[in-house]
Amino acid sequence: MSEEQGVQGVASVLRLGYSGGSWGRLFFLHSAAIGVSLFMQAGHVEVKFEPLGRKVDVGRGTQVLRAAMTAGIAMDTPCGGHGTCGKCRVFLSGSVADPTETERSLLSEEEVARGMRLACQSRVAGACTIEVPESSTLEAAYQILAGPNGAASVGVSDPVVRKRFIALPEPSRDDAAPDLERVEQALGAVSTDVELMRVLPERLRDAAWRGTFVLYDSRLIDFEAGDTSGACYGMAFDVGTTTVVGVLLDLVTGDQRATCSRMNPQTRFGDDVLSRILHATQEPGGLAALQEAILDEIASMTQRMAEDAGVALGHIYDVTFAGNTTMLHLLAGIPPRALGQVPFVPAFHRGLAWSAADLGLPIHTRAGVHIFPV
Ligand code: FES
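Reference entry: report on the structure contained in this document.

1. Some thoughts on the sheet that holds strand β8 (residues 219–225)
One key point about sheets: their strands pair by backbone hydrogen bonds, in either a parallel or an antiparallel sense. Spatial ordering of the open sheet is given by β6-β7-β8, a layout of three strands whose pairing is antiparallel. Across the chains shown, the open sheet's two edge strands, defined by having one partner strand only, are β6 (161–167) and β8. Between one strand axis and the next, the sheet turns by 25 degrees as a mean value, whatever way the strands run. Two elements, β6 and strand β7 (residues 210–216), share seven bridges in a ladder whose sense is antiparallel. What sits directly across from Arg164, in β7, is Phe213. Along the sheet face, helix α7 (residues 179–187) touches β6, β7 and β8 and points at about 110 degrees away from the line of β6. Its contacts with the sheet place helix α8 (residues 194–206) against β7 and β8, and it is angled at close to 35 degrees to β8.

2. Observations regarding the side chain of Arg117
With respect to the helices and strands, the residue Arg117 is situated in strand β4 (residues 116–118). At 3.2 Å, the side chain of Arg117 forms a polar contact with the backbone oxygen of Asp98. Excluding residues within four positions of it along the chain, Arg117 makes contact with Cys88, Arg89, Val90, Leu92, Val96, Ala97, Asp98, Pro99, Thr100, Glu103, Leu107 and Ser122.

3. Describing the sheet that holds strand β10 (residues 243–250)
One open sheet holds the six strands; their spatial order is β11-β10-β9-β12-β14-β13, and the pairing between them is mixed. Two strands close off the open sheet at either side, each with one partner strand: β11 (256–263) and β13 (352–355). Ignoring strand direction, the axes of neighbouring strands in this sheet form an average angle of 15 degrees. Where β13 and strand β14 (residues 368–371) come together, four bridges link them in antiparallel fashion. Across the sheet, residue Ser355 finds its bridge partner in β14, namely Gly368. Of the strands in this sheet, β9 (233–239), β10, β11 and β12 (316–323) touch helix α10 (residues 286–309), which is tilted by about 145 degrees from β11. Packed onto the sheet, helix α11 (residues 325–332) meets β9, β12, β13 and β14 and runs at close to 140 degrees relative to β12.

4. A few points about the pairing of β14
Relative to β14, β12 runs parallel, the two sharing four bridges. Residue pairing for β14: Val319 is matched across the bridge by Val369.

5. As for the pattern of salt bridges
Inspection of the entire model under this criterion finds eleven salt bridges. For Lys48, the salt bridge is made with Glu50, and the minimal N-O distance between the two is 3.2 Å. Given the relative accessible area of 27%, Lys48 is considered partly exposed. Taking the shortest distance from any N to any O, the salt bridge between Asp175 and Arg182 comes out at 2.7 Å. In this structure Asp175 comes out as partly exposed when scored by relative accessible area, which is 23%.

6. Some points on the packing of aromatic side chains
For the structure on display, the rule yields two aromatic pairs. Ring geometry for Phe213 and Phe223: centres 4.8 Å apart, planes at 50 degrees, overall tilted. Linking Phe213 in strand β7 with Phe223 in strand β8, this pair joins segments that are ten residues apart in sequence. With respect to class, Phe213 is no different from Phe223; both count as buried. A cation sits over an aromatic face here: Arg182 above Trp209, 5.7 Å from the ring centre.

Rules used in this analysis
Residues numbered from 1 in each chain as written. Predicted model: local features only at pLDDT ≥ 70, side-chain atom pairs only at ≥ 80, totals over all residues. Heavy atoms only, no water. Pairing = 2+ DSSP bridges. Helix = DSSP H or I, 4+ residues; strand = E, 2+ residues; numbered from the N terminus. Axes fitted to C-alpha atoms, helices over the stretch in contact; angles between N-to-C directions. Contact = heavy atoms within 4.5 Å. Polar contact = N/O pair within 3.5 Å; in protein donor to acceptor, adjacent residues only side chain to side chain. Salt bridge = Lys/Arg side-chain N within 4 Å of Asp/Glu carboxyl O. Buried < 20%, exposed > 50% of the residue type's maximum accessible area, 1.4 Å probe, protein only. Phe/Tyr/Trp six-rings, centres within 6.5 Å; stacked < 30°, edge-to-face > 60°. Lys NZ or Arg CZ within 6 Å of the ring centre and 35° of its normal.

In C-alpha cells:
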C-alpha cells in the first residue's frame, strides 16, 4: 500500500464513520484506528547497516533479515530463517520491536540487554541502525576455494580464438579482388556478420591494409588496426551456489593473468538451490532479479580482473561458465521450475554456445560464451 493509498483509506473510513449514533461513533473510532494503523504500516523508514554504511528504505514491520537482503548483505542463515540456529545475530539500535520468545530462548539476557537480536526474528518498527558482525555474514561462514595464492586451476588448451597480424596487398588495376576475397586469400574461407561487413572496408583502408584479424573458429569477428596479436584473452568462471571464482587467461601464452573470487550475490535470495528455484518461480520478476544479480557480479569481476591485469575489455573474446545445473539455468535466464519438481528435468544437458551480447557481458561484442554441460 502506498502512502497515498493509506491516506485515502483513512479518509474513507472517516467518511463512513461519521454516520451518527453510538454504533456509528464506535465504528468511526474503530475504523479510524485501523486506518491509522494501516497508514503507519504503509510508511517506509530508513534502516542503516553498519559497518558497511549502507542505507535502505523498507516498510515498517519488515523482517530485519529481509532488510539486510535488500541492502545486499548476505547473512549466514543455516536454519533458513526458522529461528532455530541462532546464527543470524545483529545489534539493533533505534526503533525495533521487542524481542520475541524465540530470541529470548536463543540469546542470553546479557546479549539482549546489549541490543543483540536475531535478524530472522526481529522486525523494523521505525528508523534504526543495524550492526552486522562479520561472524554473522556468509563470507565468514564460507571460505572461497581457489588454488595456491588465490589462483584457480584453469589452463588453456587449443583456444578457439586466434589473432593473425597480416599486411594485405592493396587493390590495384591488376588486382581488383573484393575486400572479403582479399581477406580470404590470406586467412582461408571465413564467415562474418553484417555489422562487421558494414565497417570492414573502411577499417582496412584506414589501417593501410595492415592489421590483426580476430578469428573465432572460422568466423571473422574483428579487424584491429596494427599488430594486436599478443592481446588475446579469455575468461573462465566457476559459478557456485555460494561463491563465484573467475580467472582471466592469456590465450596466447596460456598464463593466468588475474583471478577474482566473490560471494554469489544470489545468496540474498536464499542460501540454497531450492530457495532460489522457489524465488525464481514464485516471486514476480524473481528469475530476472536472480539473473541480474549474478550477471552484475560477473561484470564487476571482469572489470576488476581486466584492471588488475592491464587488459582492455575489448580484447577478451571468450568466456566459459561452469557450475551446478541450477546456477547455470539462472545465469542463462532459463526458468528453473522443472528442476524443483519430480523428475527434476533440466532445460539443457549438453553445453550451450552463445555470444557475450546474449548475456550483456562488458567484453568484445562478438565474444563467445560457453556454458558447460550439466
Ligand atoms: S537464521 Fe537461524 S535463527 Fe535466524
